[in-house]
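What follows is each chain in one-letter form.
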Amino acid sequence: MITAHPSLLRELIERCETLRHRLAAHHSAETARQLEDATYTLCVITGTHQLDTALSAAHRQMTGSMKREQPLRR
């Protein structure tokens, strides 16, 4: 399976979480649109259909990627 680079996943996770908190604090059409766009992108990258599922999948992918990239210790 092809996965996104961890830095892209991290950026999208942070963006979605920031926008979700901003929207909860102060609802605006612009923030809602931005969250919708970021959610769509994260869902496409993770192969999911809902934000919470996409966030979980992105976290799992990042964790798996970090485990594979760690150098071997002697």
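Coordinates for the structure precede this section.
Residues numbered from 1 in each chain as written. Predicted model: local features only at pLDDT ≥ 70, side-chain atom pairs only at ≥ 80, totals over all residues. Heavy atoms only, no water.

Caption draft 1: Expanded view of the overall build of the protein chain. Scanning the protein chain from N- to C-terminus turns up three helices and zero strands. Listing the helices and strands of the protein chain from first to last along the sequence gives α-α-α. Here the contacts in the protein chain between residues at least 6 apart in sequence split such that 50% fall between residues at least 24 apart. By element, 54% of the accessible surface of the protein chain is carried by carbon and sulfur atoms, the whole surface being about 5,600 Å². (Helix = DSSP H or I, 4+ residues; strand = E, 2+ residues; numbered from the N terminus. Contact = heavy atoms within 4.5 Å. Areas by Shrake-Rupley, 256 points an atom, 1.4 Å probe, with all protein chains shown as cover.)

Caption draft 2: Spotlight on the packing of helix 1 (residues 6-25) against helix 2 (residues 29-46). For the pair helix 1 and helix 2, the least separation of the axes is 9 Å and the interaxial angle reads 150°. When the interaxial angle is binned, helix 1 and helix 2 end up roughly antiparallel. Along this stretch, helix 1 crosses helix 2, giving a crossing that reads as left-handed. Contacts from Leu8, Leu9, Leu12, Arg15, Cys16, Leu19, Arg20, Arg22 and Leu23 of helix 1 reach helix 2 at Thr31, Ala32, Gln34, Leu35, Ala38, Thr39, Thr41, Leu42 and Ile45. Broken down by class, the residue content of the contact of helix 1 with helix 2 amounts to eleven nonpolar, four polar and three charged. (Axes fitted to C-alpha atoms, helices over the stretch in contact; angles between N-to-C directions. Parallel < 35°, antiparallel > 145°, perpendicular 65-115°, else oblique. Left-handed = near helix turned anticlockwise from the far one by under 90°. Nonpolar A, V, L, I, M, F, W, Y, C, P; charged D, E, K, R; others polar.)

Caption draft 3: Region of interest: helix 2. Compared with the 26 Å implied by 1.5 Å per residue over 18 residues, the 26 Å span of helix 2 between its first and last C-alpha is a close match. All buried positions along helix 2 are accounted for by Thr31, Gln34, Leu35, Ala38, Thr39, Leu42, Cys43 and Thr46. The buried residues of helix 2 all sit within an arc of 165° when viewed along its axis, so they share a single face. Every exposed residue of helix 2 that faces more than 90 degrees away from the buried side is listed here: Ala29, Glu36, Tyr40 and Val44. (Expected span 1.5 Å × (residues − 1). Buried < 20%, exposed > 50% of the residue type's maximum accessible area, 1.4 Å probe, protein only. Arc of directions from axis to C-beta.)

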